[in-house]
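Commentary on secondary and tertiary structure
This is what each chain is made of:
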Amino acid sequence: MARILVVGGVGYIGSHVVSLLMEAGHEVTVFDNLSTGLQANLFSENRLIVGDICKEIDIFSAMEGQDAVMHFAAKKAVAESMENPAKYARNNLIGTLNLLNAMDHHGVKYIVFSSSAAVYGMPDVSVVDENTPVNPINFYGFTKAEIEKCLQWYDRLCDIKFVALRYFNAVGYDMNRRSRGHEANPQNLLPIIIEVAEGKREKLKIFGDDYPTPDGTCIRDYVHVCDLAQAHLLALDKLMNGMDSQILNLGTEKGTSVKEMVTAVEEVLGKKLNVEIAPRREGDPACLIASAEKARKILGWKPQITDLHQIVKSALPEDL
């Protein structure tokens, strides 16, 4: 058993990781400023520290007595990052440096970091592995790439070992409905489609249907949040048992188009949705699929929830 500080632990992915850490017998402390995370995702057994990683005193105090850190606290809206870079620099960059300095101060040597496929930008290849050049095209992706560089320096200078997990498109919710606090104002495709089905949005806009893909819409690699959570536990276990620092992709190695996702929701619900084709958005690559061979080899990780209809069902609110 280890004492784990989960920073951003009432957020979407963080709360799923917390539930698995508890099942594994770890002592979990959740650190969150509750700005976007939902207390509905907090488990009664957890100790909650309400604090902000941008405030050194908060994170230095919370770090005392911990064995390892899971770091999920980041602003993540791509468009907002381009409009308000100062907010993203402060939270994502300065906040993470505060976190690493607190770890170094208290002698905490292990961190699993929530990175993103956004670090790759618009790669020249459809299937992306960890050797694909890092070339972010938005400030959000830039902050994730810079944090990875900081982690490498803190490993070298402070002996803090890390695993940076580059997620592709996270989808779904806990299959046993332990973590059910749905995000407000979602930015990702599946929850937006579901909000259309609920009547919370008038229609779904598909941005471009003339891409060089089989149905003309963008293709992405959708990986279930429970599989992502499992990868974090595997990474933590490997780190605490002597593994060197790693940067790993997490994806299913399978592509799903926007239209295929819409059709899957319609088939599960048995109704047609209001869909409108809109112009392409700048910066959207036609196809982006992960190579997860390295995670499979190093962590022994393999996604278990890959059926599209099962993923949709896990994402639906109970009243739909």
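Structural data are supplied above this passage.
In this report, the structure presented in the accompanying data block is examined. (Residues numbered from 1 in each chain as written. Predicted model: local features only at pLDDT ≥ 70, side-chain atom pairs only at ≥ 80, totals over all residues. Heavy atoms only, no water.)

This next bit is on the pairing of strand β1 (residues 3-7). With 4 of 5 residues buried, β1 lies mostly within the body of the structure. Where β1 lies against strand β2 (residues 27-32), 5 bridges are found, and the strand directions are parallel. What sits directly across from Val7, in β2, is Phe31. In terms of handedness, the path from β1 via helix α1 (residues 12-23) over to β2 forms a crossover that is right-handed. Across 4 bridges, β1 lies against strand β4 (residues 68-71) in parallel orientation. Paired with Ile4 across the bridge in β4 is Ala68. (Buried < 20%, exposed > 50% of the residue type's maximum accessible area, 1.4 Å probe, protein only. Helix = DSSP H or I, 4+ residues; strand = E, 2+ residues; numbered from the N terminus. Pairing = 2+ DSSP bridges. Right-handed = clockwise from strand over helix to strand, strands pointing away.)

Two side chains that carry opposite charge are able to pair once their charged atoms sit near each other. The full count for this structure, using the stated rule, is 13 salt bridges. Put simply, Lys272 and Glu266 hold a salt bridge, and the shortest N to O gap is 3.4 Å. The network of salt bridges with shared partners includes Asp155, Asp159 and Lys161. (Salt bridge = Lys/Arg side-chain N within 4 Å of Asp/Glu carboxyl O.)

Turning our eyes to something else, we now look at empty space enclosed by the protein. Summed over all chains, the structure comprises 1 cavity of 30 Å³ or more. Roughly 70 Å³ of internal volume is contained in the largest cavity. What lines the largest cavity is Tyr222, Thr252, Lys254, Thr256, Thr306, Leu308 and Ile311. A breakdown of the residues in the lining of the largest cavity according to their chemical character gives 3 nonpolar, 3 polar and 1 charged. (1 Å grid on protein atoms, 1.4 Å probe; cavity = no way out; pocket = protein on both sides within 12 Å on 5 of 7 lines; lining within 4 Å. Points joined across faces, edges and corners; volume = space filled by probe spheres on them. Nonpolar A, V, L, I, M, F, W, Y, C, P; charged D, E, K, R; others polar.)

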